[in-house]
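Overview (structure and organization)
Here are the chains, one letter per residue:
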Amino acid sequence: MSTPFTPEAVEAIKRHMNDDHADDALLICRGLGGQPEATGATTTGVDAEAIEFTAVVGGLEIPVRVPWSTALTERAQVRTEVVRLYRDACAALGVPARGEH
């Protein structure tokens, strides 16, 4: 895993996702991460190629890695990619997406 992000940036992204977008992370794990039965998800990492979660499936913690559409080179790209993943997951699950994130 390569990363253009400092450890501080990764921690900030994880904190933001877990504090403000836990439901979105769950949808991403269900719709794009191969864990349709997940009941919870925590963002655990981010690098240039993907975002990582721990999904709770049947009481077990399962690692989930969902790739970005392209390799990221700067932190500002993470938001755009997470929104895309969220919308793609909603479409895959047949769930209406919220408006602006």
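Presented here is an overview of the structure given in this document.

About the criteria used
Residues numbered from 1 in each chain as written. Predicted model: local features only at pLDDT ≥ 70, side-chain atom pairs only at ≥ 80, totals over all residues. Heavy atoms only, no water. 1 Å grid on protein atoms, 1.4 Å probe; cavity = no way out; pocket = protein on both sides within 12 Å on 5 of 7 lines; lining within 4 Å. Points joined across faces, edges and corners; volume = space filled by probe spheres on them. Helix = DSSP H or I, 4+ residues; strand = E, 2+ residues; numbered from the N terminus. Nonpolar A, V, L, I, M, F, W, Y, C, P; charged D, E, K, R; others polar. Axes fitted to C-alpha atoms, helices over the stretch in contact; angles between N-to-C directions. Parallel < 35°, antiparallel > 145°, perpendicular 65-115°, else oblique. Left-handed = near helix turned anticlockwise from the far one by under 90°. Contact = heavy atoms within 4.5 Å. Core = buried A, V, L, I, M, F, W, Y, C linked by side-chain atoms within 4.5 Å. Buried < 20%, exposed > 50% of the residue type's maximum accessible area, 1.4 Å probe, protein only. Polar contact = N/O pair within 3.5 Å; in protein donor to acceptor, adjacent residues only side chain to side chain.

**Considering the layout of surface pockets**
- Looking at the largest pocket, its volume works out to about 230 Å³.
- If you trace the largest pocket, you find 12 residues lining it, with H16, M17, V78, R79 and V82 closest to the centre.
- Contributions of two or more residues to the lining of the largest pocket are made by helix 1 (7-20) and helix 3 (76-93).
- When the residues that make up the lining of the largest pocket are grouped by side-chain class, the tally is 6 nonpolar, 3 polar and 3 charged.

**Let's talk about the packing of helix 2 (residues 22-31) against helix 3**
- At a minimum axis distance of 8 Å, the contact between helix 2 and helix 3 shows a crossing angle of 55 degrees. The angle between helix 2 and helix 3 places the two elements in the oblique class. At the point where helix 2 passes helix 3, the crossing takes the left-handed sense. Every residue of helix 3 that contacts helix 2 at D24, L27, I28, R30 and G31 is listed here: V82, L85, Y86, A89, C90, A92 and L93.
- Split by residue class, the contact of helix 2 with helix 3 holds 9 nonpolar, 1 polar and 2 charged.

**Some thoughts on the environment of Q35**
- Here Q35 is to be found in the loop between helix 2 and strand 1 (40-46).
- Each C-alpha atom of the pair Q35 and L72 lies 24 Å from the other, and the pair is 37 residues apart in sequence.
- Dropping the residues within four chain positions of it, Q35 is found in contact with C29, R30, A55, V57, I62 and V64.

**Brief notes about the nonpolar core**
- If you look at the biggest cluster of nonpolar residues, it comprises 24 residues, and the most contacted ones within it are F5, V46, I51, F53, V66, W68 and V78.
- At the level of elements, helix 1, helix 2, strand 1, strand 2 (50-57), strand 3 (60-67) and helix 3 are the ones that each hand at least two residues to this core.
- With residues near it in sequence (within four places) discarded, F53 still touches A25, I28, C29, T42, T43, T44, I62, P63, V64 and V66.

**Re the side chain of E81**
- Mapped onto the elements, E81 comes out in helix 3.
- At 2.7 Å, the side chain of E81 and the backbone nitrogen of S69 are in polar contact.
- When residues no more than four places from it in sequence are discounted, the contact partners of E81 are W68, S69, T70 and L72.

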